[in-house]
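Residues per chain are reported as follows:
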Amino acid sequence: MDNAILVTGGAGFIGSNFILQRLSRDSSCIVNLDKLTYAGNLRNLESVAREKRYQFVRGDIGDRGLVRRLLERCAPRAIVHFAAESHVDRSIRGPEEFIRTNVDGSFALLEETRSYWSGLSEHDQAGFRFLQVSTDEVYGSLGADGPPFSETTPYAPNSPYAASKAASDHLVRAYHHTYGLPTLTTNCSNNYGRFQFPEKLIPLMILNACQRQPLPVYGDGRNVRDWLYVEDHCSAIATVLERGCVGETYNVGGWNEKCNLEIVETICDLVDQLMGAGGTSRRDLITFVKDRPGHDRRYAMDASKIERELGWRPAETFETGIGKTVRWYLENETWVRDVTSGAYREWIATHYSS
Ligand code: NAD
Ligand code: TYD
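Overview of the structure. All figures in this text were calculated on a predicted structure; none of them were measured in a lab.

Scoring rules and cut-offs
- Residues numbered from 1 in each chain as written.
- Chains lettered and ligands numbered in written order.
- Predicted model: local features only at pLDDT ≥ 70, side-chain atom pairs only at ≥ 80, totals over all residues.
- Heavy atoms only, no water.
- Core = buried A, V, L, I, M, F, W, Y, C linked by side-chain atoms within 4.5 Å.
- Buried < 20%, exposed > 50% of the residue type's maximum accessible area, 1.4 Å probe, protein only.
- Contact = heavy atoms within 4.5 Å.
- Phe/Tyr/Trp six-rings, centres within 6.5 Å; stacked < 30°, edge-to-face > 60°.
- Lys NZ or Arg CZ within 6 Å of the ring centre and 35° of its normal.
- Pairing = 2+ DSSP bridges.
- Helix = DSSP H or I, 4+ residues; strand = E, 2+ residues; numbered from the N terminus.
- Axes fitted to C-alpha atoms, helices over the stretch in contact; angles between N-to-C directions.
- Near = heavy atom within 4 Å.
- Polar contact = N/O pair within 3.5 Å; in protein donor to acceptor, adjacent residues only side chain to side chain.
- Areas by Shrake-Rupley, 256 points an atom, 1.4 Å probe, with all protein chains shown as cover.
- Nonpolar A, V, L, I, M, F, W, Y, C, P; charged D, E, K, R; others polar.
- Salt bridge = Lys/Arg side-chain N within 4 Å of Asp/Glu carboxyl O.
- Left-handed = near helix turned anticlockwise from the far one by under 90°.

1. Things to note about the nonpolar core
Note that soluble globular proteins tend to have their nonpolar side chains buried in a common cluster. Counting residues in each nonpolar core, the largest one holds 65 residues, and the members touching the most others are V80, I202 and I306. Ignoring anything within four residues of it in the chain, the contact list for I202 reads Y192, W227, I263, I267, F318, I322 and T325.

2. Topic: the packing of aromatic side chains
Under the counting rule described, the total for this entry stands at 16 aromatic pairs. Above the face of the Y179 ring, R114 is positioned so that its terminal group lies 3.9 Å from the ring centre. The ring of Y250 carries K305 above its face, with NZ or CZ at 4.8 Å from the centroid.

3. Points about the sheet that holds strand β9 (residues 224-229)
The strand order across the open sheet formed by three strands is β7-β9-β11, and the pairing between neighbours is mixed. Since the sheet does not close on itself, it has two edges, and those belong to β7 (190-192) and β11 (257-259), each with one partner. Between one strand and the next, the sheet's axes are offset by a mean angle of 50°, whatever the strand orientation. The pairing of β7 with β9 spans three bridges and is classified as parallel. Counted as the bridge partner of N190 is W227 from β9. Strands β9 and β11 of the sheet are contacted by helix α9 (residues 260-275), whose axis makes an angle of about 85° with β11.

4. A few points about the site of ligand 1
Surveying the vicinity of ligand 1 reveals 28 residues, the closest of which are I14, D34, S86, Y161 and K165. Between an oxygen atom of ligand 1 and a main-chain N or O atom of G12, the distance comes to 2.9 Å. A distance of 2.9 Å separates an oxygen atom of ligand 1 from a polar backbone atom of N191. When isolated, ligand 1 has an accessible area of 840 Å², and the protein chains bury 96% of it. Among the secondary structure elements, those contributing two or more residues to the shell around ligand 1 are α1 (13-25), β5 (129-135), α6 (160-179) and β7. Here the shell around ligand 1 is built from residues that sort into 12 nonpolar, 12 polar and four charged.

5. Brief notes about the pattern of salt bridges
Under the counting rule described, the total for this entry stands at 22 salt bridges. For E199, the salt bridge goes to R90, with nearest N and O atoms at 2.6 Å. Placement of the pair is E199 in the loop between β7 and α7 (201-210) and R90 in helix α3 (residues 88-93), with a sequence separation of 109 residues. With respect to burial, E199 and R90 carry one shared label: buried. A salt bridge links E262 to K258; the shortest N-O distance between them is 3.4 Å. For E262, a relative accessible area of 35% gives the class partly exposed. One network of salt bridges, in which partners are shared, links K35, D60, E96, E97 and R100.

6. Points about the packing of α1 against helix α8 (residues 230-243)
Helix packing for two helices is described by the angle between their axes and how far apart those axes are. Relative to each other, α1 and α8 sit at 65°, their axes nearing to 9 Å. As for how α1 packs across α8, the hand of that crossing is right-handed. Of α8, the residues touching α1 (which contributes F13, I14, N17, F18, Q21, R22 and R25) are V230, E231, H233, C234, S235, I237 and A238. For the contact of α1 with α8, a count of residues per class yields seven nonpolar, four polar and three charged.

7. Some points on the environment of R100
Following the sequence through the fold, R100 ends up in helix α4 (residues 96-118). A relative accessible area of 42% means that R100 is categorised as partly exposed. Sequence separation between R100 and R283 is 183 residues; the distance between their C-alpha atoms is 40 Å.

The values are spatial; any link to function lies outside them.
Written as structure tokens, this is what we have:
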């Protein structure tokens, strides 16, 4: 494949949005390496499954033989590394898989990438990029008035998920400094949009609100996150991939801090508008439940570096993005039915049983 990009974890929420956006906006060829865990869903990519510029390979980033053969065969000009275990609550219940994929898997991928990259011509080595898709959670928790995270904020991860992402970010940094691998890292705030697995706050609340199920808000609902529409995250990654300075880190965010209760109330009002309230506001379904252990109070992102140096800013406001998202979940019943069976049901039953 000419002009190929290897995407890991491309059947997940952000990866599949990224693949669809790239195939529609430029001439890249995409090879998608995904293990298809509970979070991977090939339905997201049905519309491009037969495209010549797209290829799916089922496999684990930790399978070094497979990764080696894939790199030799596809000769990518870049790797965009999304593959991860990504849910904080699951990392609290079972951290092992997070270490296996996010730390050991990323290490295996980096080792094979280093070996592949070392064998390239000087010209191709200079053009190659490894982009690590990371999160704001590696920076830890902010107080109510603290300045937002910048690229120089020290890492202070608090959950097993955040710690495993921090470890892989450090490995990426080390592979640049030690071996000269041309890496880029993006740290992004909370994403929302189509294809997000409904274990995460926004899709969980949309689906529960539709079915008039309780809306479980952790603690006092005052924890603050910065929210970014997923397509904006994807365009930020593409911008960094094409124009980012090798070895650098870029914070990506929506300039959009909101507490969880405000998010849930907004969703209730939108679902009431779209489905009809029937005399009782869905806000009545809000139920305060036991807090997440070690729950970070506030995340906020200073995304001025990517704007100043690369000219990227989000295109959507929270109001436009959440409107599109709620409508998408209401209009895509088959997708929802597909993911809300099996493993998903078990997770909901165990996690919210108390
Ligand atoms: P997701 O859980 O929806 O998708 C993860 C994908 O990785 C799935 O398709 C899964 O099958 C695949 N995968 C898991 N283990 C694998 C392995 N060992 N080998 C190959 N594939 C494997 O996650 P997401 O929300 O799309 O997040 C993607 C990336 O972006 C992650 O690295 C995450 O840390 C980061 N990120 C997410 C957010 C967010 O709000 N969701 C914000 C910032 C950064
Ligand atoms: P989540 O979507 O899991 O993302 P993250 O933990 O990566 O920020 O959660 C977003 C916020 O919503 C977080 O503060 C936890 C909270 N939350 C609830 O209050 N109830 C829920 O059922 C879930 C899943 C999350």
